[in-house]
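# Close look at the chain arrangement
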Amino acid sequence: MHDPASPSSSAEPAGPLSPRAPADVVEEVMAWYSRAILAERRAPSDPARLEQLLAQRQECVRDRARLEEADAEETARITASYAARLQELGATGP
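A short tour of the structure in this document, coming up. No experiment lies behind these values; they were computed from the predicted model shown.

Residues three or four positions apart in an α-helix share a direction because the helix packs 3.6 residues into each turn. Taking 1.5 Å of rise per residue, 21 residues should cover 30 Å, and helix H2 (residues 47–67) covers 31 Å from first to last C-alpha, within 8% of that figure. Listing the buried residues of H2 in full gives Leu50, Leu53, Cys60, Asp63 and Leu67. All buried residues of H2 fall inside an arc of 145° around its axis, so they share one side. Residues of H2 that are exposed and point over 90 degrees away from its buried face: Pro47, Ala48 and Glu51. In the core, the buried residues of H2 are packed alongside helix H1 (21–42) and helix H3 (72–92).

Rendered as structure tokens:
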């Protein structure tokens, strides 16, 4: 029987984020880097800038994989980090 006073008896996640949300945030940042890489490759590019973008996208790939085995604290840390990065990147555009 479900006890509404006990958070551990709830089938709902404890926070406002769904279980998919952390990976979604990381993937949004990855998509930003993918667009920036494509734009950099199409324009007369700065090789150092392209390498930086590729390295940052690879970091996203590693962090997304870490989410699969991360505990709640690590998941929250990664999600917060990527949410902040997404806001920063949104302000600058790809």
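Structure's up, so let's keep going.
Once that is clear, we can look at the pattern of salt bridges. A full pass over the atoms with the stated rule returns five salt bridges. In this structure, Glu59 and Arg85 form a salt bridge, with 3.2 Å as the shortest nitrogen-oxygen distance. Placement of the pair is Glu59 in helix H2 and Arg85 in helix H3, with a sequence separation of 26 residues. Relative accessible area serves as the criterion here: at 29%, Glu59 is assigned to the partly exposed category. Between Glu74 and Arg77 there is a salt bridge whose closest N-O contact spans 3.0 Å.

Reading the values: the criteria
Residues numbered from 1 in each chain as written. Predicted model: local features only at pLDDT ≥ 70, side-chain atom pairs only at ≥ 80, totals over all residues. Heavy atoms only, no water. Helix = DSSP H or I, 4+ residues; strand = E, 2+ residues; numbered from the N terminus. Expected span 1.5 Å × (residues − 1). Buried < 20%, exposed > 50% of the residue type's maximum accessible area, 1.4 Å probe, protein only. Arc of directions from axis to C-beta. Contact = heavy atoms within 4.5 Å. Salt bridge = Lys/Arg side-chain N within 4 Å of Asp/Glu carboxyl O.

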